[in-house]
Amino acid sequence: MTNKHTILIIEDEKNIGNYIETIVNSNQYKSIRARNGMSGISLCVSHHPDLILLDLGLPDVDGMDVLRKIREFSTVPVIVISARTQETEKVEALDAGADDYVTKPFGSEELLARIRTAIRHRILAGSFAHREPSYQRDGLVIDFDKRLVTLQGEAIHLTQIEYKLVSLLARNAGRVLTYDFILKDIWGPYADTDNQILRVNMANIRRKIEKNPAEPHYIFTEIGVGYRMLE
Ligand code: CA
């Protein structure tokens, strides 16, 4: 009972804030609340929450600016909760360092599942700092030390770029990586590349590791946003 994760809810609308608080508190989490962006940032500094649920439409500062501010000093998982449904908004939030994005209206089960994933992912990320484990899911094994990929025990031959792409996604398994993030990570911030080169490489990877590339089992496409690897 003493090891409850603390969740900071930054939400100005009372009813939605109460709704989220009820969900969170009835599921073994402790919650603290902020009604605007500035108090959200200061509560983050003073209370070191384990996760933040962040509304974008806040009365004082835009939620995106709150997110950027928090990312200047903290890697705490942030799930953006917003009525903005545009893909560009989601991409912007993910690129600014959000771990996930939930669109209003949402159900309690969806919210809880995303909270669990974000917290688990952050715990894993912490342990990654100490060693280089391998990724192992459903017969696909990526050994980061040996740079070796096997599927059901058979070695898979990937090009340098394909390997970089798969290992980047595997190290962030369960998390959506945006096209822009991937392009910058693999080809560098100034490379003259576009989504097309990414799609070509992804198609090649899927031909090598997926039983049915049209219905991928390991690497999913988040249409208009990016890719996510099986957690
Ligand atoms: Ca709002």
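Shown above is the structure to which this text applies.
To keep things clear, this report deals only with the structure shown in the data block. (Residues numbered from 1 in each chain as written. Predicted model: local features only at pLDDT ≥ 70, side-chain atom pairs only at ≥ 80, totals over all residues. Heavy atoms only, no water.)

1. A short note on the layout of surface pockets
Move 1: Of the volumes computed, that of the largest pocket is approximately 470 Å³.
Move 2: Taken together, 20 residues line the largest pocket, and the ones lying closest to its centre are D100, Y101, R114, V176 and E222.
Move 3: If you list the elements that add at least two residues to the lining of the largest pocket, you get α4 (87-95), β5 (100-103) and α5 (108-128).
Move 4: Looking at the lining of the largest pocket, the element that brings in the most residues is α5, giving six residues.
Move 5: Of the residues belonging to the lining of the largest pocket, the class tally is eight nonpolar, four polar and eight charged. (1 Å grid on protein atoms, 1.4 Å probe; cavity = no way out; pocket = protein on both sides within 12 Å on 5 of 7 lines; lining within 4 Å. Points joined across faces, edges and corners; volume = space filled by probe spheres on them. Helix = DSSP H or I, 4+ residues; strand = E, 2+ residues; numbered from the N terminus. Nonpolar A, V, L, I, M, F, W, Y, C, P; charged D, E, K, R; others polar.)

2. Some details on the coordination of the calcium ion
Move 1: Protein ligation of the calcium ion involves D12 (OD), E13 (OE), D55 (OD) and G57 (O), the donor distances falling in the range 2.2 to 2.7 Å.
Move 2: All donors of the calcium ion come from a single chain, and their spacing in sequence reads D-E-x41-D-x1-G. Taken together, the residues E13 in the loop between β1 (5-10) and α1 (14-25) and D55 in strand β3 (residues 51-55) connect sequence positions 42 residues apart. (Donors = N, O, S within 2.8 Å, 3.2 Å for Na, K, Ca; no water.)

3. A closer look at the sheet that holds β1
Move 1: An order of β2-β1-β3-β4-β5 is seen for the five strands of this open sheet, with the pairing classed as parallel. Looking at the sheet topology across the chains shown, the edges are occupied by β2 (29-34) and β5. In this sheet, neighbouring strand axes are inclined to one another by 20 degrees on average, regardless of whether the strands run parallel or antiparallel.
Move 2: Strands β4 (78-82) and β5 of the sheet are contacted by α4, whose axis makes an angle of about 150 degrees with β5. (Pairing = 2+ DSSP bridges. Axes fitted to C-alpha atoms, helices over the stretch in contact; angles between N-to-C directions. Contact = heavy atoms within 4.5 Å.)

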